[in-house]
Amino acid sequence: MSTIRLFVLDSLARRGAMHGHQMRALADEEHVDQWTDITVGSLYGALKRLEADGLIEAVRTEREGNYPERRVLGITAAGRAALSRLHAATLSEVGLRPDPVDLAVARPQPDTLDDLPDVVAARLAALRDALDHHDQHRAQIDRYLTVAERLSVSHTTDRLRAEITFHERLLASVPEIVADERSPKDPS
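First, a word on what this report is: a plain description of the structure on this page. Just so you know, these numbers come straight off a predicted model, no measurement behind them. (Residues numbered from 1 in each chain as written. Predicted model: local features only at pLDDT ≥ 70, side-chain atom pairs only at ≥ 80, totals over all residues. Heavy atoms only, no water.)

**A short note on the packing of helix 1 (residues 3–15) against helix 3 (residues 43–52)**
It is at 10 Å that the axes of helix 1 and helix 3 come closest, and there the two elements cross at 75°. For the element pair helix 1 / helix 3, the angle class is roughly perpendicular. Across the interface between the two elements, Ile4, Arg5, Phe7, Val8 and Leu9 of helix 1 pack against Leu43, Ala46, Leu47 and Leu50 of helix 3. (Axes fitted to C-alpha atoms, helices over the stretch in contact; angles between N-to-C directions. Helix = DSSP H or I, 4+ residues; strand = E, 2+ residues; numbered from the N terminus. Parallel < 35°, antiparallel > 145°, perpendicular 65-115°, else oblique. Contact = heavy atoms within 4.5 Å.)

Shown next as structure tokens:
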């Protein structure tokens, strides 16, 4: 699912036509870069792609003072239909993307087995640091969040905690993993 497409289409449907700078200001105002995977700088590219797809269109141009003309974009009928489908699919589809670390753990390199404890410990430390940073950041932005946004931010907290729990189990299992990898395997 494309979070940025959902944000842009939903914003235009809720708030009406706006130019790119207004969209960026809205993203800043809602702090979407702090609780979604949207980067504010990626909005302009998304606007171009959505326009090329016929989901949004220029409805007028505006000029304020000495600023250059700005194209004001609105959602099209096709964009409203796409928003409806995207929203429904986003809410109904459940799935976690496979994590490449699982394959790397399942197939460790024989020549780096001695490094595995340090590598896993470093990942665990990085995750703990990420959770600390996230918690501090969450405390800073909490007053700006709606109830739903606050819940979304807590989803990231829960996911980080789950990763930490997994990595703690992984670290505890490293000696067993190394022993298993070093034991002779029956080719049959």
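**Concerning the pattern of salt bridges**
By the definition in use, this model includes ten salt bridges. The shortest N-O distance in the salt bridge between Arg5 and Asp53 comes to 3.2 Å. On the criterion of sequence distance, the pair formed by Arg5 in helix 1 and Asp53 in the loop between helix 3 and strand 2 (56–62) is long-range, its members being 48 residues apart. Residues Arg128 and Glu168 are paired through a salt bridge, measuring 2.8 Å at the closest nitrogen-oxygen approach. (Salt bridge = Lys/Arg side-chain N within 4 Å of Asp/Glu carboxyl O.)

**A few points about the side chain of His19**
Among the secondary structure elements, His19 is positioned in strand 1 (residues 18–19). What makes His19 buried here is its relative accessible area of 5%. Sequence-distant contacts of His19, that is, excluding residues within four places in its chain, are made with Glu62, Arg70, Arg71, Val72 and Leu73. (Buried < 20%, exposed > 50% of the residue type's maximum accessible area, 1.4 Å probe, protein only.)

**Observations regarding the nonpolar core**
Phe7, Val8, Leu9, Leu12, Met23, Leu43 and Ile56 are the most contacted members of the largest nonpolar core, which totals 24 residues. Taken together, the elements giving at least two residues each to this core come down to helix 1, helix 2 (20–30), helix 3, strand 3 (70–75) and helix 4 (77–92). The biggest single contributor to this core is helix 1, with six residues. Sequence-distant contacts of Leu9, that is, excluding residues within four places in its chain, are made with Leu50, Leu55, Ile56, Ile75, Gly79, Ala82 and Leu83. In terms of nonpolar packing, the next biggest core, distinct from the first, is built from seven residues, Leu113, Val120, Ile177 and Val178 among them. (Core = buried A, V, L, I, M, F, W, Y, C linked by side-chain atoms within 4.5 Å.)

**Topic: the layout of surface pockets**
Volume-wise, the largest pocket comes out at about 2,000 Å³. Taken together, 40 residues make up the lining of the largest pocket; nearest its centre are Thr3, Trp35, Thr90, His155 and Arg159. For the lining of the largest pocket, the elements supplying multiple residues, two or more each, are helix 1, helix 2, helix 4 and helix 7 (147–182). Per element, the largest residue contribution to the lining of the largest pocket is nine residues, and it comes from helix 7. Tallied by class, residues from the lining of the largest pocket come to 17 nonpolar, eleven polar and twelve charged. What the second largest pocket holds in volume is close to 180 Å³. Every residue lining the second largest pocket is listed: His19, Gly20, His21, Tyr44, Leu47, Lys48, Glu51, Glu69, Arg70, Arg71 and Leu73. Where the lining of the second largest pocket is concerned, the elements lending two or more residues are helix 2, helix 3 and strand 3. (1 Å grid on protein atoms, 1.4 Å probe; cavity = no way out; pocket = protein on both sides within 12 Å on 5 of 7 lines; lining within 4 Å. Points joined across faces, edges and corners; volume = space filled by probe spheres on them. Nonpolar A, V, L, I, M, F, W, Y, C, P; charged D, E, K, R; others polar.)

Spatial relationships are all this shows, so hold off on functional conclusions.
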